[in-house]
Amino acid sequence: MSMRKRRIAQKWWRYRRCICECLDIFSMTERESCTFSHIFPHFHNPAANLIRVYCKREDRETVMQTPYKNRIILHVDMDSFFASVEVRERPKLRGKPVVVGADPKGGAGRGVVSTCSYEAREYGVRSGMPISQAFQLCPHAAFLPVNLKLYHEVSANVMETMGRYAEKIQQVSVDEAYLDISSAESFEAAEAIARDIMDEIREDEHITCSVGIAPNKVVAKIASDFRKPEGLTVVKPGEVQAFLDPMPVTKIPGIGKKTKERLTSIGISTISDLAAADIQELISIFGKSGIRMHGLACGTDEGEVEDRGERKSIAREVTFLEDTSDRDLIFKTGESLAEDDCMRLIERGFCCRTVTVKIRYTGFVTKTKAHTLEHFTDDPAVIRRCAATLLSEVLEEKSVRLIGVKLSNFESGETRQATIDEFGK
Ligand code: TTP
Ligand code: MG
């Protein structure tokens with residue numbers, strides 16, 4: 001386990017004990033009337049996760065439903081996602097123009113660019129552009145085919161990481177998600193969380209992302225795009241209008257080329273123009289969407305982060321910087337991944353029965369092996385031992401590129417409550 005992960009783990013176990021002690025001290029009625037942040041004002045969102053795990057159901061609902069003063073929403077978007085994953089897989093391409101998409105066939109290819117690295121963007125290459133045009137603009141770029149399976153694997157890891165920091169997460173595409181972290185209760189605390197997320201994704205997945213923090217989803221999305229790549233933009237409640245005002249109307253999600261043209265024809269080009277426009281005129285041209293458009297230009301958006309709660313497994317995997325046949329390193333990494341998964345399992349209040357290990361050898365041959373335990377567990381030692389046994393069964397004398405550990409077959413959070421009273425005995 002890395003020092004950083006060890007620190008996080010220690011912190012969590014300490015919190016877990018404190019929380020249980022506190023909840024014991026407070027009587028039921030007091031619990032109902034106080035938010036967790038009153039008990040520990042310096043706690044951020046991990047507290048909310050722990051409340052889910054350790055409060056009795058009725059207490060948990062009361063605590064979780066306590067409205068926070070401000071909503072704090074993060075929008076996280078990976079930078080040049082497909083291209084960044086390809087560069088991670090081929091480190092020699094770092095810093096070079098990389099185009100992912102159709103085969104350019106020396107300039108005669110059909111099809112389009114899916115995405116490209118920021119280095120390729122300097123030559124004018126863009127997503128959706130004909131691949132032949134991209135080839136003309138930057139013939140010396142590395143042109144690579146789309147490998148969706150790999151991007152979905154990375155996407156799942158990234159979403160899993162982000163999910164641990166938020167009380168609600170809504171994935172909106174393969175590389176972006178909204179996170180509700182209102183329980184952080186201050187934009188300063190939210191910024192620290194965003195930096196942790198960025199660091200963790202960089203360390204674990206070797207790709208970067210940009211983050212926007214704002215009081216609502218739409219402003220957070222605009223903010224994440226504001227300083228790409230690796231940008232972090234915080235827009236506090238009092239700063240929303242000043243942030244939006246100078247931007248072109250096309251920055252508002254949903255305003256495309258056609259709407260922009262109609263707005264330009266009535267003298268509206270910036271968001272500030274749109275916010276100042278006569279709403280009746282907007283309705284007469286755009287119908288109901290005129291109201292929404294105007295609201296967004298004024299920085300208001302009530303849309304909730306819609307967490308579908310469909311987490312059926314917890315998985316982590318690591319690609320070694322260099323392929324390795326060092327069994328000691330492989331086993332240590334596997335055990336550390338198992339512990340890491342287990343921490344997440346505990347945070348969610350689940351127990352699992354099935355542990356799966358995955359090994360990818362040099363040359364992309366992948367082997368997996370799963371074992372279903374006799375009982376549900378969230379015991380790190382049991383899960384670590386099971387992962388190690390599976391590894392010893394599956395590992396061949398070959399050099400390894402990637403290793404992963406997955407926990408699945410969860411017991412519901414409600415069944416888990418039975419064991420909560422046991423804690424602290
Ligand atoms: P985006 O997030 O729009 O783009 P991006 O991540 O490549 O770059 P940015 O740094 O600007 O966020 O899309 C995510 C992925 O979706 C992208 O890597 C490839 C895929 N995609 C397509 O396949 N076709 C497209 O037209 C677009 C826009 C994206
Ligand atoms: Mg992106």
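Look up: the structure comes first, before these words.
For the structure given in this document, a descriptive report is provided here.

How each quantity is defined
- Residues numbered from 1 in each chain as written.
- Chains lettered and ligands numbered in written order.
- Predicted model: local features only at pLDDT ≥ 70, side-chain atom pairs only at ≥ 80, totals over all residues.
- Helix = DSSP H or I, 4+ residues; strand = E, 2+ residues; numbered from the N terminus.
- Buried ≥ 20, exposed ≤ 12 C-beta atoms within 10 Å, placed from the backbone.
- Axes fitted to C-alpha atoms, helices over the stretch in contact; angles between N-to-C directions.
- Left-handed = near helix turned anticlockwise from the far one by under 90°.
- Contact = placed C-beta atoms within 7 Å.
- Nonpolar A, V, L, I, M, F, W, Y, C, P; charged D, E, K, R; others polar.
- Near = placed C-beta within 6 Å.
- Domains from an automatic or database assignment.
- Pairing = 2+ DSSP bridges.
- Expected span 1.5 Å × (residues − 1).
- Arc of directions from axis to C-beta.

**Side note on the overall build of the chain**
And step 1. Secondary structure summary: the chain contains 19 helices and twelve strands in total.
And step 2. The proportion of buried residues among the 425 residues of the chain is 36%.

**What to know about the packing of helix α9 (residues 148-163) against helix α10 (residues 187-205)**
And step 1. With their axes 10 Å apart at the nearest point, α9 and α10 run at an angle of 145° to one another. Relative to α10, α9 is oriented so that their crossing is right-handed. For the pair formed by α9 and α10, the contact residues are V154, N157, V158, T161 and M162 on the first element and I197, E200, I201, D204 and E205 on the second.
And step 2. Considered class by class, the residues forming the contact of α9 with α10 number five nonpolar, two polar and three charged.

**A closer look at the site of ligand 1**
And step 1. Neighbouring residues of ligand 1: 15 residues in total, closest F81, F82, S114, T115 and S127.
And step 2. Contributions of two or more residues to the shell around ligand 1 are made by β1 (73-78), α6 (81-89) and β3 (113-116).
And step 3. Among the residues making up the shell around ligand 1, the classes are represented as five nonpolar, five polar and five charged.
And step 4. Counting contributing residues per domain, the shell around ligand 1 is built from domain 2 (73-79 + 149-236) and domain 3 (94-147), each supplying no fewer than three.

**Regarding the environment of A177**
And step 1. Looking at where A177 falls in the secondary structure, it is placed in strand β6 (residues 176-180).
And step 2. Taking C-alpha positions, A177 is 8.1 Å from L74, a pair spaced 103 residues apart along the chain.
And step 3. Setting aside residues up to four positions removed in sequence, A177 forms contacts with V76, M159, M162, I169, Q170, Q171 and V172.

**Points about the sheet that holds strand β12 (residues 400-411)**
And step 1. Read across the open sheet, the four strands follow the order β9-β12-β10-β11; overall the sheet is antiparallel. Of all the strands in the sheet, just β9 (313-324) and β11 (366-377) have a single pairing partner and so form its edges. Here the average twist between neighbouring strands, direction ignored, is 15°.
And step 2. Relative to β11, strand β10 (residues 351-361) is paired through eight bridges, and the arrangement is antiparallel. Pairing of R360 across the sheet is with T366, part of β11.

**What to know about helix α18 (residues 380-394)**
And step 1. Relative to the 21 Å expected for 15 residues at 1.5 Å per residue, α18 spans 21 Å between its end C-alpha atoms, a close match to the ideal helical length.
And step 2. Of all the positions in α18, only I383, R384, C386, A387, L390 and L391 are classed as buried. For α18, the buried positions fall inside an angular range of 160° around the axis, keeping them on one side. Across α18 from its buried face, at more than 90 degrees, point the exposed residues A381, S392 and E393.
And step 3. Buried residues belonging to α18 abut α17 (327-348), β10, β11 and β12.

**Digging into the pairing of β6**
And step 1. Within β6, five of the five residues are buried, which leaves the element mostly enclosed by the surrounding structure.
And step 2. With burial as the criterion, each face of β6 is covered, one bearing E176, Y178 and D180 and the other bearing A177 and L179.
And step 3. Across five bridges, strand β5 (residues 168-173) lies against β6 in antiparallel orientation. Bridge pairing in β6 links I169 to L179.
And step 4. Between the end of β5 and the start of β6, which pair antiparallel, lie two residues.

**Side note on the sheet that holds β5**
And step 1. One open sheet holds the five strands; their spatial order is β5-β6-β1-β7-β8, and the pairing between them is mixed. The outermost strands of the open sheet, each flanked by one partner alone, are β5 and β8 (232-234). Sheet twist, expressed as the average angle between the axes of neighbouring strands with direction ignored, equals 15°.
And step 2. Sitting on the sheet, α10 touches β1, β7 (209-214) and β8, and the angle it makes with β7 is about 165°.
And step 3. Along the sheet face, helix α11 (residues 217-224) touches β1, β6, β7 and β8 and points at about 145° away from the line of β7.

**A closer look at unusual backbone geometry**
Note on backbone geometry: most residues besides glycine have negative phi, and most peptide bonds are trans.
And step 1. Cis geometry marks the peptide bond from K228 to P229; its omega dihedral reads -10°.
And step 2. For P229, the position within the fold is in the loop between α11 and β8.
And step 3. Phi angles above zero are rare outside glycine, and H206 is one such case at about 60°.
And step 4. Structurally, the position occupied by H206 is in the loop between α10 and β7.
And step 5. Positive phi outside glycine occurs at E230, with the angle close to 55°.
And step 6. Mapped onto the elements, E230 comes out in the loop between α11 and β8.

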